[in-house]
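Here's the letter readout for the chains.
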Amino acid sequence: MSSSAVEEVFADKLLNDWLSGVGLGIEYTRAEGNELYFVDESGREVAVVDYVCGFGSLIFGHHDREIVEHVKSVLDSQIPVLAQLSRQPRSNEVAVALNAIMRREIPDAEHGYSAVFANSGAEAVEICMKHAELERQARISTLVDELKAHVQEVREAVRSGRATLSENRYVQADGPADDGDAFESLIAEVERRNSAVLSRGPVNLALEHAFHGKLVASIQLTQNPQWRTPFTSLAASTRFVRADQPEEIKAAVEDLRESLLDVVLDDGAVTVVERDFPAIGAFFVEPVQGANGMRPVTAAAARAIREVCDEVGCPLVIDEIHSGMGRTGAFLASSHMGLRGDYYTIAKSLGGGIAKNSVALVRQDRFRPEFEVIHTSTFAKDGFSAAIAVKVLEMLEADDGRVYTTAADLGERLLAMLNSVKADFPEVVSAVNGIGLMIGLEFTDQTSASAEFIRDKARSGMLGYVLAGYLLREHRIRVLPVGPAANSVRFEPSILLTDADIARTESAIRDVCRILRDQDEKSLVQ
Ligand SMILES: Cc1ncc(COP(=O)(O)O)c(C/N=C/c2cc(O)cc(-c3ccccn3)n2)c1O
């Protein structure tokens, strides 16, 4: 039944009205390769070149034949799809394949990565948040045990007269005269202050314009205020820092620094010293920022971020959910800039365009094995998704990495075309960014445009969607804006994109640039 035959609407009412308002209210009826299809008023099937591709989830395109045939054979063989708490060797098969690829892309990597599977990207991000907290709690527990042992040692020294207690800022000057009582008063104050620090949760670090998902905890790592701020009371907070400002990152870490008070003996005198407390949970980084115009992190920023994590001792989580799986011309986009992670997240194309699948990879020497039991999800590690993941990873690595080369080559051609448009329309196109098949084009600010329709759409943050509606209507090309910067369009096609598609896209983008240059608002009104 097509949606037009449904009388009552219980889903997407607001969304569908909004989509129609910007010219994106299309019901696609078929998908194949790099194209989506809909049926027009005359009953004709119309092809649309798809540059959204599931927000970068379709490196092999829609319904890749090899994947579909594999899926059919898997289902015909009646593999156990849901057999939780039994031996599921295919999960380890996926993990083995992922580790082999990572060893190839991170040549001097000294460690393997333990895999924890989930159903969505945000879930993989939240697995990393939870595992980082296990690590942090273990560090805190070790520190607290040390402090307790020190208190006991000093207490015995005070009682045996081997230690003296000088006046200090933690005990009132007119406090108890007796050293023993004064010591206990000191300990009480130290423990009061320490318990205040111990009661606080972690603060995470992320880059400005970060996008790491929209679940309760991961939304706090996604900077877009409209999506994040209604829920700040529900989860750990994030300090957002600018990737290209290493000093700012160091200053943020310094500002977040916390310490616990430790009581020690210094040449027979009871002394209170500060001990670093692990206040930071983890540093989350997308190698290519999807919601920041597809801007890659620079190699210099990668080094600074790695240094900070090494100094703080917190895990560096490299979020490859959008940039991974070959999209940028390598399995890991982070391999381009030499960004080395302690944890990684992978999703989107891992499902082959058919299933939902994601995985969090934790460096084995940091992995806490109990996590396998304390974190579970009904559909995670299901046999169907795992069978597809094995196939997709095989396809990515086949023919000496032909897919990566294709993505890199196609991306260069697409980037060159868009940069040629930018060169010819400098007053309309402000930036073209990205690597491989993860590209964003930004239009110049139109909030002061002379044409009222264009000005109003820009001011309401809808211009990118209106331009996408125009490209769909007039050129049968599907794009969408990139993140909150709505005066932009994303290009994240499959490796099936053709030179003819690129040529057609050039003509379409030049048409849009002409409209903006000439403020030809009439063309944009549906
Ligand atoms: C780096 C990164 N980390 C975690 C996630 C979350 O993955 P899930 O969506 O699978 O939970 C994503 C998934 N990205 C989704 C995305 C990325 C994007 O740039 C825009 C939109 C989007 C989707 C719908 C409407 C508007 N915007 N969605 C990601 O790109």
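It should be emphasised that the depicted structure is a prediction, and the values quoted were computed from it without experimental measurement.

Definitions and limits used
- Residues numbered from 1 in each chain as written.
- Predicted model: local features only at pLDDT ≥ 70, side-chain atom pairs only at ≥ 80, totals over all residues.
- Heavy atoms only, no water.
- Helix = DSSP H or I, 4+ residues; strand = E, 2+ residues; numbered from the N terminus.
- Buried < 20%, exposed > 50% of the residue type's maximum accessible area, 1.4 Å probe, protein only.
- Contact = heavy atoms within 4.5 Å.
- Pairing = 2+ DSSP bridges.
- Arc of directions from axis to C-beta.
- Patch = residues over 30% accessible without salt bridge, like charges linked within 9 Å, V, L, I, M, F, W, Y side chains within 5 Å.
- Areas by Shrake-Rupley, 256 points an atom, 1.4 Å probe, with all protein chains shown as cover.
- Salt bridge = Lys/Arg side-chain N within 4 Å of Asp/Glu carboxyl O.
- Near = heavy atom within 4 Å.
- Polar contact = N/O pair within 3.5 Å; in protein donor to acceptor, adjacent residues only side chain to side chain.
- Nonpolar A, V, L, I, M, F, W, Y, C, P; charged D, E, K, R; others polar.
- Phe/Tyr/Trp six-rings, centres within 6.5 Å; stacked < 30°, edge-to-face > 60°.
- Lys NZ or Arg CZ within 6 Å of the ring centre and 35° of its normal.
- Axes fitted to C-alpha atoms, helices over the stretch in contact; angles between N-to-C directions.

Enquirer: Looking at this model, I keep getting lost on the environment of V312. Mind explaining?
Expert: Looking at the secondary structure, you find V312 in helix α9 (residues 299–312). When its relative accessible area of 18% is taken as the criterion, V312 is described as buried. Put simply, V312 and P481 are 169 residues apart on the chain and 36 Å apart in space, counted from C-alpha to C-alpha. Ignoring any residue separated from it by four or fewer positions in sequence, one finds V312 in contact with R139, V253 and I280.

Enquirer: How should I be thinking about the sheet that holds strand β17 (residues 477–478) in this particular structure?
Expert: Strand order in the open sheet formed by four strands is β1-β2-β3-β17, with mixed pairing between adjacent strands. Looking at the sheet topology across the chains shown, the edges are occupied by β1 (30–32) and β17.

Enquirer: Help me understand helix α8 (residues 246–256), please; the structure alone is not making it clear to me.
Expert: Given 3.6 residues per helical turn, the α-helix brings residues three or four places apart onto the same face. Among the residues making up α8, those that are buried are I249, A252, V253 and L256. Down the axis of α8, the buried set is contained in an arc of 100°. They therefore lie on one face. Facing away from the buried side of α8, by more than 90 degrees, are the exposed residues E247 and D255. Against the buried residues of α8 lie β5 (203–207), β6 (238–241), β7 (258–266), β9 (280–285) and α9.

Enquirer: Looking at this model, I keep getting lost on a nonpolar patch on the surface. Mind explaining?
Expert: Taken together, V81, L82 and F379 make up a surface patch of nonpolar side chains, about 260 Å² in accessible area. Within the secondary structure layout, L82 lies in the loop between α3 (65–76) and α4 (89–105).

Enquirer: Please clarify how the environment of A431 should be interpreted in this entry.
Expert: Structurally, the position occupied by A431 is in strand β15 (residues 429–435). Judged by relative accessible area, which is 10%, A431 ranks as buried. Taking the C-alpha atoms as reference points, A431 and L418, separated by 13 residues in sequence, lie 9.4 Å from one another. A431 has contacts with R295, K422, G440, L441 and E442, leaving out every residue within four places of it along the chain.

Enquirer: Teacher, can you tell me more about the site of the ligand here?
Expert: Around the ligand sit 13 residues in total, of which G121, A122, D319, K348 and R490 are the nearest. Here an oxygen atom of the ligand sits 3.4 Å away from a polar atom, N or O, in the side chain of H322. Notes on the ligand: free accessible area 640 Å², of which the protein chains cover 76%. A class-by-class count of the residues in the shell around the ligand yields four nonpolar, five polar and four charged.

Enquirer: Please explain the packing of aromatic side chains as it appears in this structure.
Expert: By convention here, two paired aromatic rings are described through the distance between centres and the angle between planes. Following the criterion strictly, the structure yields four aromatic pairs and no others. Ring geometry for Y113 versus Y344: centroids 5.3 Å apart, planes at 75°, classification edge-to-face. With Y113 in strand β4 (residues 113–118) and Y344 in strand β13 (residues 343–346), this pair connects stretches of sequence that are 231 residues apart. Grouping residues by exposure puts Y113 and Y344 together as buried. Taking the centre distance of 5.8 Å and the plane angle of 90° together, the rings of F211 and W227 count as edge-to-face. Taken together, the residues span a long stretch of sequence, with F211 in the loop between β5 and α7 (225–228) and W227 in helix α7 at a distance of 16 residues. Its end group placed over the ring of Y37, R30 keeps NZ or CZ at 4.0 Å from the ring centre. The ring of W227 has K214 lying over it, and the distance from NZ or CZ to the ring centre is 3.7 Å.

Enquirer: In this structure, what is going on with the sheet that holds β15? I would like to understand it.
Expert: Hydrogen bonds between backbone atoms are what pair the strands of a sheet, whose relative direction is either parallel or antiparallel. The three strands are arranged β15-β16-β18 in an open sheet whose pairing can be described as antiparallel. Because the sheet does not close on itself, it has two edges, and the strands there are β15 and β18 (488–491). This sheet shows a mean twist of 15° between the axes of neighbouring strands, independent of strand direction. For strand β16 (residues 438–443) and β18, the ladder comprises four bridges, and the chain directions are antiparallel. In the sheet register, L441 faces β18, and the bridge partner there is V489. Across the face of the sheet, helix α11 (residues 383–424) comes into contact with β15, β16 and β18 while running at roughly 170° to β15.

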